[in-house]
Amino acid sequence: MRSRVTVLLLGGVSLVFALLFARQLHMSNGLPHAQFADRKFRVLTYGSFVSATGPGGRLLDDFKKAKGCDVDVVTVSDAGLLLERLKLSREPFDIVIGFDQLSAPRAANEVKWKSVPAFKNVRPEVKLEGMSSDFAPYDWSPMTFIFRDGLTAPPQNFADMVDKRFTGKFVLEDPRASSPGLQFFNWVKSVKGEDTAEFLQKFKPNVQSVAPSWSFAYGIFEKRQAEFVFSYLTSLAYHWGTDHDKSFRAVNLPEGHPVQVEYAAVPDTCKECELGQEFLAFIMDPSSQKTIMERNYMMPALTGVEEGTVFAQLPTLTLRPTLHSESKDLNEWDQVFKH
Amino acid sequence: MVCLRGPRAMSHVRNLIRDYDGFKVEIPSWEISDTGVTALWGPSGSGKTSVFRLLIGLEPCPGLEWTFGKDDLAKLPAPERRLGVVFQSLELFPHMTAEENILFAAKVREVPSDEAGRRMTELAADLRLTDFLQRKAGLLSGGEAQRVALARAVIGRPRFLFLDEPFSSLDAELRVEARGLVKQVIERLKIPTLLITHDQEDLRALAQHVVKIRGGRLV
Amino acid sequence: MSGTRSLNTEAYWRASLRVLLALLLVSPFLIWLIYISEWEFPPVKEWLPLVFVSGEQALVSSLLSLFFGWLMFLGAESWIERRQKQMCEVVLLLPNLTPPLFLILSLLAWVTPWAAFPYGLNAVIFAHVLMNSGLVAIALDRLVQSKLGGMTEAAWTLGASRYQFWTRVAWPFLKFDLACLFLFVFSICFTSFSIPFMLGGETWATLEVAIFDTIRADGRWDKAVILAAGQSLFLLALAVALPRQFWPPRPQRRPLPFLGVPQLRQLVFLPALILVGGWLLGLPNSFKAHLEPGVADAVMASLALGLSVGLLHLVFFLVTAYASPHLGLQRFLNGYLSPSSAITGFAMLLLPGSGETIDFVKLVLALTLISFPLLYRWIVHAALDGLQNQILVARTLGARWSTVLFEIVWPQAAPQILRASGLAAFWGAADFAITAVVAGDFNTLPLMMTNLMGNYSLPSAELLMIPLFMVSLGLYGLFTGAARYVSR
């Protein structure tokens, strides 16, 4: 009996090692993993950035080849956990990619960062007042409601959103669990001010669901459970360009729309700081910006990159000044939505 | 195959046949006396308990016929066969008192309460239950529990009483006493009884008819 | 003398292993206790409403699970043949074994083509009932078989109706066991995360969701750890008050068809049908997608992860078996529920060491800390508990504890231990909560699915359910196959 237990355990452990080794071999295409082992560059980002369809994989591969370094990518499922992961990590990171203007201020307060150079041809939309210059914007998008043509006609202005014809047709994101959710709440607050709670109360019957994340909310929309989803204007680029479906549209309200800007930054505790800075410069290069635009479905931070692409066809929305403090005051939201 | 027949055998069993994956009960025909005690006697593993469970209806036996008077009991589910059963493990309800165990049986048989009370008093006297009627069944000794189980089995005036090795958990002295009490109750109430046992003493003390079983068959 | 010394050494080892096991299980709390220098107790008005909502949700979910579980039990009892019974058991357990992601996607697939999915507290309760009523049905079957089997037959032959049996015999006798069963289901629903997170809509249906939000939105680990510790202590206190474990070992089966209600037969299949049917409904959409590159790597990663988690569980169960029987350990293991995935996962990050291998080990450890107490309570405890008399006899004869473990306990408890380890492997391969926190660049299938969902690739994400299911089932089959090897 003792021997059978030993066989089981040893056999199992051997199988684990075999699987891990096979995986390693497969990922490095059979080459020894230590080929570029001289310098190891650690990146912290969110999962979809480096997923099979995201921009990160391609960018990092190109960077690796250009610099002859190895890259270690650590991901979190949700960009909101980037800061916690950074603070708790034992090994330093050389660059963090994926903050937005709502999470970056807290990151700037709680962690020290290397200063980054000013990049040329950066769009004015991503230069947000009061944002720390240690954070380099690498992509952005206006936020709005995406909908399909041929169903309910979209709202014409903010007040129209509470109309009864929209009952159960909107899907939002939870402001506590999701950056787009907080964006929406801040947007309402900046438009409605003291009447925020009243507006949300009237709007509530039109909300089919409050999803825990953008991907879940968009899934609800894609499965046609809701007609309007709070998302990025650039979602249209996915439907028009990749899916070749032009029935998707964006709501354009005269009150103006908020923007979402994503940032990268180099922590002060970096080990390969030079590589971190170089990668930052690399992703701000026009060709990398094009990769980010086409695979992350976000507008490039530099001017001129989108010309000749589907992104250039996107409607122009009126933008309003974007709050970039991560407001924790969700009282009005809680009053209306939380049970 | 030899069957001992009683003077007026009104209970006829046919096709008591069941395959148990390696063991087979095969009793094509059997007449069980409708009076007195018939003992089904055989060594361990001979199929006594299987026969017991099949006749009571705890296990299916397609094709079984069991005529008792005008009724074919085999066509009835166990509760409607109106049988009294004392299991080998007794199966008293430990959270009820001895009295509650017995009256439970009267209630489910829809015995009117005053009649149930009268029967209760008689059985308590017959089986000497009075001293521990209010004690929880889980706290009774083996002999006490066995008498309560018998009282529970007969208070509803069953048409047939089954006793599955009722004295196996008792010591020799208690067995003698128990047999006497059981015999007394059966004779007073005139309930035909099938006694499952491997103990020769049980046969001597109780059985008017003895049927031997071996390998699932009557011999 | 040397015999006495060796017995003392064994006693020392067993005591040390008990302490080590308990410390390992509470280690996430200990790690945070050391790491956090400033503590602020969350204001009562912040957490009390959460406790009420969580409690309300868990109470309704568990009561409804008990009710529907009872109905399914009645339906299952009308299936008489042994093979039919085995099939019932598999079908009833399927929703409980299925990772929450599958369950959620199946539910969505049923409703969304025709109507808006009703997110909120009701959806969470529905999903919990779907998940747990089969488990309740099987637990009731085990309870009735092991504790009431003979009494059921006695009551039936006496002529009791089903109503009389349930009200006069079963309920009074089993009420304490039913309370323990209720507590078990209540704990699962109270500490649930994935289902309330995804289906709760704007309602925080459990404290776990609130804990996650406290971490994500505020980075307030002190508050989160206090809430999690409070939750664990609350459930531990309940478990100490109701110490009887509700899940008896698989008893000698006797058919009790008279308990069965034939009209409820088909109810047994309902939760599994909803699950599998939903998945099949979603398949055509998935076939529009294609498998993304990196799937082979993700499959190997999931296999390695699941297998490691299963093996570590096996080691933990062996250690527990060696260190048992011990009342304190049993009470602790039967009551303690690990803190949330986020608290456990991030606590592992605080441990020394980093790098791919160390991160992998931390991930495996984190997953084990989360599921070991539940699997012990559900499956292994009954197996070990049933051997107490034999252990006593062996010890009386002079056997050492190691002999008792390998010659008495393991040969008899191995099937349950390996089944529990297989389940751990199944869940480990399908985990995305802890893996997302600890894994670093160890990209498993569930992580790949969530990343694809974050990139407009929902059909591709759904398509990955097929390899994920195959990996998880394969791992479970591997462990149950090992059970057969051991039993030879």
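The rules behind each value
Residues numbered from 1 in each chain as written. Chains lettered and ligands numbered in written order. Predicted model: local features only at pLDDT ≥ 70, side-chain atom pairs only at ≥ 80, totals over all residues. Helix = DSSP H or I, 4+ residues; strand = E, 2+ residues; numbered from the N terminus. Rg over C-alpha atoms; globule rule 2.2 N^0.38 Å. Buried ≥ 20, exposed ≤ 12 C-beta atoms within 10 Å, placed from the backbone. Contact = placed C-beta atoms within 7 Å. pLDDT = per-residue confidence, 0-100. Pairing = 2+ DSSP bridges. Domains from an automatic or database assignment. Nonpolar A, V, L, I, M, F, W, Y, C, P; charged D, E, K, R; others polar. Axes fitted to C-alpha atoms, helices over the stretch in contact; angles between N-to-C directions. Expected span 1.5 Å × (residues − 1). Bend = angle between axes of the 7 residues up to and from the residue.

On a plain count of helices and strands, chain C comes out with 20 helices and zero strands. Scaling as 2.2 N^0.38, a compact globule of 488 residues should have a C-alpha radius of gyration of about 23 Å, and chain C matches this with 23 Å. With the C-alpha coordinates of chain C rotated into their principal frame, the extents come out at 65 × 65 × 50 Å. Classification of the 488 residues of chain C by burial places 54% in the buried group. Across chain C, the fraction of contacts at a sequence separation of at least 24, relative to all contacts at a separation of at least 6, is 86%.

Right, let's talk about the overall build of chain A for a bit. Summing up its helical and strand segments, chain A has eleven helices and ten strands in all. In terms of C-alpha radius of gyration, chain A reaches 22 Å, essentially the compact-globule figure of 20 Å for 339 residues. Here the C-alpha coordinates of chain A stretch approximately 70 × 60 × 40 Å along the principal axes. Within chain A, buried positions represent 48% of all 339 residues. Here the contacts in chain A between residues at least 6 apart in sequence split such that 78% fall between residues at least 24 apart.

All right, on to the confidence of the model for chain A then. Low-pLDDT stretches of the model should not have their predicted coordinates read in fine detail. All names here are of chain A. With 94% of its residues at a pLDDT of 70 or more, chain A has an overall mean of 87. Ranking the elements of chain A by mean pLDDT puts helix α1 (residues 2–27) last with 80 and strand β7 (residues 228–232) first with 96. Of the regions scoring below 50 in pLDDT, residues 30–36 engages in seven contacts with residues more than four places distant in sequence or in other chains.

A few words now on the pairing of strand β5 (residues 170–173) of chain A. Residues and elements named next belong to chain A. Neither face of β5 is exposed, since F170 and L172 on one face and V171 and E173 on the opposite face are all buried. Bridge analysis of β5 against β7 gives two bridges, and the strand direction is parallel. By the bridge assignment, F170 is partnered in β7 with F228.

Our next topic: the domain arrangement of chain A. Residue and element names in this part refer to chain A. Along its sequence, chain A is carved into domain 1 (2–140 + 260–313) and domain 2 (142–259 + 320–337). A C-alpha centroid distance of 28 Å is found between domain 1 and domain 2. Between domain 1 and domain 2, the contact holds 22 residues from the first and 17 residues from the second. Secondary structure elements with two or more residues in the side of domain 1 that touches domain 2: α4 (104–110) and β9 (259–265). For the side of domain 1 that touches domain 2, the residue count by class is twelve nonpolar, six polar and four charged.

This part is about the interface of chain C and chain B. If you look at the interface, chain C gives 15 residues, while chain B gives 17 residues. Residue contributions to the side of chain C that touches chain B peak at seven residues, all from helix α5 (residues 121–158) of chain C. Of the residues in the side of chain C that touches chain B, the class split is nine nonpolar, four polar and two charged.

The next thing to look at is the interface of chain A and chain C. The partner chain C presents 59 residues to the 58 residues of chain A that form the contact. Those elements that provide at least two residues to the side of chain A that touches chain C are α1, β2 (70–76), α3 (82–88), β6 (207–211) and α7 (214–222) of chain A. With 15 residues, the top contributor of residues to the side of chain A that touches chain C is α1(A).

Residues and elements named next belong to chain B. Across the sheet, four strands lie side by side as β2-β1-β4-β5; this open sheet has antiparallel pairing. Every interior strand has two partners, whereas the edge strands, β2 (24–32) and β5 (71–72), have only one. Where strand β4 (residues 65–68) and β5 come together, two bridges link them in antiparallel fashion. Bridge assignment links T67 to a residue of β5, and that residue is D72.

Take the arrangement of the chains next. Summarising the chain contacts, two pairs of chains touch, and the pair with the most contacts is chains A and C. No interface is formed between chain A and chain B, the nearest pair of C-alpha atoms being 30 Å apart.

Residue and element names in this part refer to chain B. Here we have six strands laid out as an open sheet, ordered β6-β7-β8-β3-β9-β10, and mixed in their pairing. Two strands in the sheet have a free side with no partner beyond their single neighbour: β6 (83–86) and β10 (217–218). Summarising the sheet, strand β9 (residues 209–214) and β10 pair through two bridges and their orientation is antiparallel. Looking across to β10, one finds that R214 is bridged to R217. Contacting β6 and β7 (160–164), helix α4 (residues 142–154) runs over the sheet at an angle of about 170° to β6.

It is worth spelling out the domain arrangement of chain C at this point. Residues and elements named next belong to chain C. Under the domain assignment, chain C is made up of domain 1 (1–35 + 287–488) and domain 2 (39–283). Just the C-alpha atoms count here: the centres of domain 1 and domain 2 sit 22 Å apart. In this complex, domain 1 contributes 29 residues to the contact, which on the side of domain 2 involves 31 residues. At the level of elements, α1 (2–35), α12 (327–335), α13 (341–350), α14 (356–385) and α16 (401–429) are the ones that each hand at least two residues to the side of domain 1 that touches domain 2. No other element matches α14, which puts six residues into the side of domain 1 that touches domain 2. Considered class by class, the residues forming the side of domain 1 that touches domain 2 number 19 nonpolar, six polar and four charged.

Mean pLDDT over chain C: 83, with 91% of residues reaching 70 or higher. Of the two predicted TM-score estimates for the complex, the pTM is 0.79 and the ipTM is 0.78.

Glancing now at the environment of A:L319. All names here are of chain A. Secondary-structure assignment places L319 in the loop between β10 (299–300) and α11 (331–337). Sequence separation between L319 and W140 is 179 residues; the distance between their C-alpha atoms is 12 Å. Those residues in contact with L319 that lie beyond four places of it in its chain are E125, P142, G256, H257 and V259.

Quick look at helix α5 (residues 179–192) of chain A now. Residue and element names in this part refer to chain A. Across its 14 residues, α5 extends 20 Å between first and last C-alpha, which sits within 8% of the 20 Å expected from 1.5 Å per residue. In terms of residue burial, α5 counts as a mostly covered element, since eleven of its 14 residues are buried. Listing the buried residues of α5 in full gives S179, P180, G181, L182, Q183, F184, F185, N186, W187, V188 and K189.

All names here are of chain B. For S46, the location among the structural elements is in the loop between β3 (37–41) and α1 (48–56). On a C-alpha basis, the gap between S46 and A178 in space is 25 Å, while along the polypeptide they are 132 residues apart. When residues no more than four places from it in sequence are discounted, the contact partners of S46 are I213, R214 and G215.

On to the pairing of strand β3 (residues 95–100) of chain A. All names here are of chain A. Counting buried residues along β3, six of its six residues qualify, which places the element largely inside the surrounding structure. Summarising the sheet, β3 and β9 pair through four bridges and their orientation is antiparallel. Note that in β9 the partner of I97 across the bridge is A264.

An ideal rise of 1.5 Å per residue puts 42 Å on 29 residues; helix α6 (residues 162–190) of chain C reaches only 33 Å between its terminal C-alpha atoms. Remark: the principal bend of α6(C), roughly 65°, maps to C:K175.

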